[in-house]
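Results of the structural survey
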There are 2 protein chains.
Amino acid sequence: MSDSVKATGIKAVGIKDVAREAGVSVATVSRVLSNGPVSDALRARVEDAVRATGYRPNLSARRLRSQHSQTIGLIVSDIRNPFFTAVSRAVEDAAFQAGMRVILCNTDENPEREAMYLRLMQEERVTGLIFAPTRATLAQLDRADLDFPVVLIDRSAPAGRFDSVVLDNPQAAALLVDHLHAQGYRRIAGLFGNTSTTAVERHAGYQAALAAHGLHAEARFVPPTAEAAEAEIARWLAEARRSGAMPDAVMVSNSLLLMGVVKATRTLGLTIPGDLAVAGFDNEPWTELVGPGLTVIEQPVHEIGRAAMTLLFERLDDPERATRKVVLSGTCVARGSTGGGG
Amino acid sequence: MSDSVKATGIKAVGIKDVAREAGVSVATVSRVLSNGPVSDALRARVEDAVRATGYRPNLSARRLRSQHSQTIGLIVSDIRNPFFTAVSRAVEDAAFQAGMRVILCNTDENPEREAMYLRLMQEERVTGLIFAPTRATLAQLDRADLDFPVVLIDRSAPAGRFDSVVLDNPQAAALLVDHLHAQGYRRIAGLFGNTSTTAVERHAGYQAALAAHGLHAEARFVPPTAEAAEAEIARWLAEARRSGAMPDAVMVSNSLLLMGVVKATRTLGLTIPGDLAVAGFDNEPWTELVGPGLTVIEQPVHEIGRAAMTLLFERLDDPERATRKVVLSGTCVARGSTGGGG
DNA sequence: GAGGCCGATGTAATCGTTTTCAATAACAGC
DNA sequence: GCTGTTATTGAAAACGATTACATCGGCCTC
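No experiment lies behind these values; they were computed from the predicted model shown.

Scanning chain A from terminus to terminus reveals twelve helices and twelve strands. Scaling as 2.2 N^0.38, a compact globule of 342 residues should have a C-alpha radius of gyration of about 20 Å, whereas chain A reaches 27 Å, well beyond that. Projected onto its principal axes, the C-alpha coordinates of chain A cover approximately 90 × 55 × 35 Å. The buried share of chain A, taken over its 342 residues, is 46%. Counting only contacts in chain A whose residues sit at least 6 apart along the sequence, the fraction spanning at least 24 positions is 70%.

Set out below in structure tokens:
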């Protein structure tokens with residue numbers, strides 16, 4: 001008969017079984033497992049029994065009773081965004097090292113999904129949350145009373161009810177502008193995403209830096225996709241050519257837009273940097289390989305993840321302390337795409 | 001005094017509080033929450049009470065009692081590997097859609113970490129696991145008795161105790177070789193990773209396809225890093241030049257190696273495809289942008305993730321059914337890097 | 001009109017741990 | 001030798017939900 005198949009593990013072994021095997025009470029087993037005060041003799045007996053029975057604690061039960069979920073939430077827009085990929089890796093490493101689990105959620109910048117995941121975080125009774133919210137959700141977050149600490153990443157915090165860690169976006173954008181200026185470029189266009197606070201800050205830095213050099217800022221905003229950027233740049237350059245006011249350089253606010261711009265230059269048959277210098281954000285491995293190499297701002301991605309976890313742990317340690325905002329600096333990686341001074 | 005600060009949420013609201021508020025028993029509340037048989041009148045009262053109290057079910061308690069963790073594990077080598085990034089996104093989407101959570105673990109191909117995460121999966125009582133194991137762990141996996149189904153991805157399953165979903169690696173490699181041959185290349189070198197079963201399979205396909213064309217195979221194996229590939233290719237080409245037997249094309253088994261090869265051509269001042277044609281795996285967005293565009297095999301990454309989840313759900317439905325191996329085909333995306341027939 | 005059945009509801013047991021509390025033993029102080 | 005203190009241990013309560021089982025009307029059938 002086919003039920004001879006089901007031979008193994010007819011019943012899960014619990015702490016009771018271990019206790020019986022070792023001839024002690026369940027309390028003693030529990031104490032051994034959590035390094036409580038137990039005599040050496042009993043400890044050894046229990047450890048043997050654990051091995052013999054192949055016991056594995058049930059984390060759900062443990063969490064229920066101890067009221068510690070040992071779980072942290074991580075809500076980002078899309079894990080496929082290399083920035084979040086790197087951050088998530090850092091978060092996971094730090095979490096597992098501290099004996100905690102991570103629940104990862106992708107929102108696609110959709111406020112409804114953000115709301116539902118926030119609800120989930122409450123039901124999971126997470127210890128803490130690391131969150132990159134949209135502007136819409138960020139505004140409501142103040143009112144929502146959550147019973148766990150939140151650390152914001154990438155998106156800037158307004159008043160200051162939450163700890164946060166962000167790149168110094170204005171400074172980073174200025175770094176790029178300064179570099180372009182130093183290379184001799186004078187008509188520096190800017191292309192920015194139109195959804196995140198990040199782009200807003202980078203635009204501000206771009207504008208300020210240009211002003212400092214006495215240059216004219218010319219910025220446009222597009223949805224954060226390569227396609228949108230490619231189309232917009234093509235349109236823009238066509239107009240500019242007609243009006244005789246071609247930019248000699250363009251900076252963009254993230255790596256998706258950067259890809260779009262590079263694509264557009266190919267389609268239009270423009271050389272980089274001869275016809276157009278290009279600079280952007282995020283030092284992904286491939287930026288070194290396209291064209292003459294792309295000049296970019298490198299974000300300390302791993303550090304951002306680590307900093308978020310550190311902030312979270314410190315907050316858990318002392319819930320009363322003042323909220324903190326960690327601002328990290330990017331560095332400018334100069335490559336050929338901004339090389340041939342205009 | 002400073003304790004006026006702590007005003008909100010002095011005690012978490014449980015199902016009991018909701019029951020009291022609605023004037024019903026806890027059982028009725030539970031039934032409302034799980035769409036059980038309850039009269040419309042009471043259902044409405046309970047729903048009001050839930051809203052009024054701001055009740056959030058405690059998932060740990062629910063899981064403990066119901067013995068359903070509603071959690072699936074995902075163990076990969078490194079989420080920063082774009083292949084796994086995309087797969088993980090597909091898995092998460094499918095999971096959350098089915099009302100399940102995902103626990104993501106990075107092993108860095110380290111068997112010890114794999115073992116510890118497998119232990120964790122048991123303690124979490126996961127519903128199922130999607131796993132890309134190293135060869136070492138794969139060998140032991142047969143013996144370990146786990147009380148949840150496992151679906152292997154990317155790494156090929158040996159005998160067949162587990163469901164799995166993989167790319168048709170030999171065929172994909174052959175596709176690349178055939179394309180190179182059709183473009184006129186005759187001395188086709190191959191560079192492969194030396195850790196995964198994937199690379200082994202791709203090498204086999206490469207070799208078979210070359211043999212079918214009556215060509216000589218010349219393959220080397222390196223650690224799966226861009227640096228290793230770059231160094232090895234440089235050394236290789238130097239030797240080849242001396243012996244007067246330069247390959248006119250090279251194919252590599254993954255995107256990291258591909259980056260290494262491209263880097264090497266730059267350092268050596270070789271043009272693609274004039275001096276050397278290049279082809280590889282994984283159609284990442286940037287492959288379109290470097291040099292004349294890189295010819296690659298496109299893996300149906302999202303589909304692989306989905307297929308894994310489907311396999312898992314089907315297995316949960318019917319634990320007795322025969323194990324299945326889903327083999328998906330890659331497609332060849334031809335670009336300029338293999339364009340100028342040798 | 002009595003018996004049987006069914007659907008809605010409540011009571012209490014249960015899931016597998018941790019943790020409180022009491023009990024015991026050992027040991028020191030006087 | 002008696003008492004107070006401390007270190008181990010066990011018994012049982014709790015954690016917050018689900019669910020088996022009992023109960024109670026109402027309604028149908030004969």
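Read on, since the account is not over.
To continue, consider the confidence of the model for chain A. Residues and elements named next belong to chain A. Of the residues in chain A, 95% reach a pLDDT of 70 or more, and the chain-wide mean stands at 92. The element-level mean pLDDT for chain A is lowest in helix 7 (residues 135-141), coming to 88, with strand 3 (residues 128-131) highest at 98. Across residues 1-9, confidence stays below pLDDT 50; counting only partners more than four residues off in sequence or on other chains, it has three contacts.

Once that is clear, we can look at the pairing of strand 8 (residues 249-252) of chain A. Residues in a regular strand point their side chains to alternate faces of the sheet. Residues and elements named next belong to chain A. The alternating pattern of strand 8 places Ala249 and Met251 on one face and Val250 and Val252 on the opposite face, and all of these are buried. In this sheet, strand 8 lies alongside strand 6 (residues 188-193) in parallel orientation, the contact comprising four bridges. Of the residues in strand 8, the one forming a bridge with glycine 190 is methionine 251. Pairing of strand 8 with strand 9 (residues 277-281), which is carried by three bridges, proceeds in the parallel orientation. The residue of strand 9 that forms the bridge with valine 250 is valine 278.

What follows is about the domain arrangement of chain A. Segmenting chain A into domains produces domain 1 (2-57), domain 2 (68-167 + 301-328) and domain 3 (169-300 + 331-338). Each of domain 1 of chain A and domain 3 of chain A has a C-alpha centre, and these two points are 62 Å apart.

Right, let's get into the protein's contact with DNA strand D. Close contacts around DNA strand D come from 27 residues, with A:Ser25, A:Ala27, A:Arg65, B:Gly14 and B:Ser30 the closest. Partitioning the surface near DNA strand D into residue classes produces 15 nonpolar, eight polar and four charged.

Let us now look at the protein's contact with DNA strand C. Residues in contact with DNA strand C amount to 27 residues; listed here are only the nearest, A:Ile15, A:Ser30, B:Ala27, B:Pro37 and B:Arg65. Sorting the residues of the surface near DNA strand C by element identifies helix 1 (15-22), helix 2 (26-33) and helix 4 (59-66) of chain A together with helix 2 (26-33) and helix 4 (59-66) of chain B as the ones contributing at least two each. Counting residues per element, the surface near DNA strand C draws most heavily on helix 4 of chain A, which supplies five residues. Among the residues making up the surface near DNA strand C, the classes are represented as 15 nonpolar, eight polar and four charged.

Residue and element names in this part refer to chain A. Relative orientation of the contacting elements helix 10 (residues 226-243) and helix 11 (residues 255-268) amounts to 45°, with a least axis distance of 7 Å. By the angle between their directions, the pair helix 10 and helix 11 is classed as oblique. Crossing hand, helix 10 versus helix 11: right-handed. On helix 11, the residues touching Ala226, Glu227, Ala228, Ala229, Glu230, Ile233, Ala234 and Leu237 of helix 10 are Leu256, Leu257, Met259, Gly260, Val261, Lys263, Ala264, Thr267 and Leu268. Residues that form the contact of helix 10 with helix 11 fall into these classes: twelve nonpolar, two polar and three charged.

A few words now on helix 5 (residues 82-97) of chain B. Helical geometry note: an α-helix holds 3.6 residues per turn, so side chains three or four residues apart project in the same direction. Between its terminal C-alpha atoms helix 5 of chain B stretches 23 Å, which fits the 22 Å expected from 16 residues at 1.5 Å a residue. Buried within helix 5 of chain B are the following residues: B:Pro82, B:Phe83, B:Phe84, B:Thr85, B:Ala86, B:Val87, B:Ser88, B:Val91, B:Glu92, B:Ala94 and B:Ala95.

Let us look at the relation of the copies chain B and chain A. With an RMSD of 0.2 Å, the fit of chain B onto chain A corresponds to turning through 180° and sliding 0.1 Å along the axis. Taken together, these values place the two copies in the relation of a two-fold axis. Distance from the rotation axis, computed per C-alpha, reaches its smallest value in chain B at B:Val290: 2.1 Å. Of all interface residues in chain B, 100% are interface residues in chain A too; the two copies therefore contact each other through one and the same surface.

Rules used in this analysis
- Residues numbered from 1 in each chain as written.
- Chains lettered and ligands numbered in written order.
- Predicted model: local features only at pLDDT ≥ 70, side-chain atom pairs only at ≥ 80, totals over all residues.
- Helix = DSSP H or I, 4+ residues; strand = E, 2+ residues; numbered from the N terminus.
- Rg over C-alpha atoms; globule rule 2.2 N^0.38 Å.
- Buried ≥ 20, exposed ≤ 12 C-beta atoms within 10 Å, placed from the backbone.
- Contact = placed C-beta atoms within 7 Å.
- pLDDT = per-residue confidence, 0-100.
- Pairing = 2+ DSSP bridges.
- Domains from an automatic or database assignment.
- Near = placed C-beta within 6 Å.
- Nonpolar A, V, L, I, M, F, W, Y, C, P; charged D, E, K, R; others polar.
- Axes fitted to C-alpha atoms, helices over the stretch in contact; angles between N-to-C directions.
- Parallel < 35°, antiparallel > 145°, perpendicular 65-115°, else oblique.
- Left-handed = near helix turned anticlockwise from the far one by under 90°.
- Expected span 1.5 Å × (residues − 1).
- Least-squares fit on C-alpha atoms with pLDDT ≥ 70 in both.

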